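So the chains spell out like this:
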Amino acid sequence: MVGPGNAAPAARPGRATLTRRFTRFAAIDWSGQAVERPAGLAVAEVGDGGPALVARDGGWSRAGILDWLTMLAETRADMLIGLDLSPALPFVDADSYFPGWPKSPTDARALWAMVERRAADDPHLAATSVVNDAELSRHFRRHRACGDLFGQGRGRLRLCEERQRAAGFSPTSCFNLVGAAQVGKSSLTGMRVLHRLDGRIPVWPFDPVPETGPVLVEIYTTIAARTAGVRAGRSKLRDAEQLDAALAVLGSPPHVPSPRYDDHATDALLGAAWLRAVAHDPALWSPPALSAQVARTEGWTFGVV
């Protein structure tokens, strides 16, 4: 593992020294909805000024975001990009993504490949076939069908999600596919995109961070909202004035006027500005609990220490 900038090797995997300064930042609010152009997709970008939504004719699709990321990789954009999704399932608690299944993948990239294979015929980079699979569905909580291996309560959590709980946040298990807070489908569809990127953009902490070019990190937009002074229970900003007030707390100029002010657009706009405000903090690149095993299997939410 190396730090943001690929300087000297870290003391141990998960540790990093800060040597790189990104010049551009982006945040992507994700959606696992099994349609071509989910309403929940939004992309925002920021450089020196205020954040702005990145427009796409007809709206964003997951395939469109994959094309956009590929373009950033090809142009070697000096950009830190936050994805609001979980790039892997819980592993460390049971030493397996799917305990008891002999074919369970052993690391995140193998997990992405497995999801892609099983969902290959699902249109729009959806992952319906994964959660409907007879064996895998046993681990998920679905509508009217909670798998016998889902477990109790909120379900299994990754180590970084346990850290979020300890900090007062309310993370949801990636194995939960029920309710407004479900994140499972977003995570699985995101894994298809990460697999198809095929390493063209490094994904921290699974990959070393290079000296140049774009880098992907997982973000949790509620952390951005709290940092910007938005109180618990009011994390969603739905107008320009609320958004600019939160941006000011982050030291950001006002946003570029937006054609929409729904939860997804404002999450992306605030997320991009938050990344710019905190990306220089070496503690965020070196969480004490980010071991080699965690970095290889579960990944980490940027901003959780």
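It should be noted that the structure appears before, not after, this text.
Below is a short write-up of the structure.

**A closer look at the side chain of arginine 156**
Tracing the backbone through its elements, the reader meets arginine 156 in the loop between strand 6 (145–146) and helix 4 (159–166). Since its relative accessible area comes to 14%, arginine 156 is described here as buried. Within the structure, arginine 156 has its side chain in polar contact with the backbone oxygen of tyrosine 97 (distance 2.9 Å). Beyond its immediate chain neighbours, meaning those up to four positions away, arginine 156 contacts Pro90, Phe91, Asp93, Ala94, Ser96, Tyr97, Pro99, Phe150, Ser173, Cys174 and Phe175.

**Thoughts on the nonpolar core**
Counting 49 residues, the largest nonpolar core has Ile28, Trp68, Leu69, Ile81, Phe98, Leu111 and Leu216 as the members making the most contacts within it. At the level of elements, strand 1 (24–29), helix 1 (62–75), strand 4 (79–84), helix 2 (108–118), helix 3 (128–132) and helix 5 (184–197) are the ones that each hand at least two residues to this core. With 6 residues, the single largest contributor to this core is helix 1. Not counting residues within four places of it along the chain, the set of residues in contact with isoleucine 28 comprises Ala42, Val43, Ile65, Trp68, Leu69, Ile81, Gly82, Leu83 and Asp84.

**Observations concerning the pairing of strand 1**
Counting buried positions along strand 1 gives 5 out of 6 residues, so the element sits mostly inside the fold. As paired elements, strand 1 and strand 4 share 6 bridges and run parallel to each other. Across the sheet, aspartate 29 pairs through a bridge with aspartate 84, a residue of strand 4. Where strand 1 and strand 2 (residues 42–46) come together, 5 bridges link them in antiparallel fashion. The partner of phenylalanine 25 across the bridge, within strand 2, is valine 46.

Here is what the cut-offs are and how they apply
Residues numbered from 1 in each chain as written. Predicted model: local features only at pLDDT ≥ 70, side-chain atom pairs only at ≥ 80, totals over all residues. Heavy atoms only, no water. Helix = DSSP H or I, 4+ residues; strand = E, 2+ residues; numbered from the N terminus. Buried < 20%, exposed > 50% of the residue type's maximum accessible area, 1.4 Å probe, protein only. Polar contact = N/O pair within 3.5 Å; in protein donor to acceptor, adjacent residues only side chain to side chain. Contact = heavy atoms within 4.5 Å. Core = buried A, V, L, I, M, F, W, Y, C linked by side-chain atoms within 4.5 Å. Pairing = 2+ DSSP bridges.

Remember, this is a structural readout, not a statement about activity or role.
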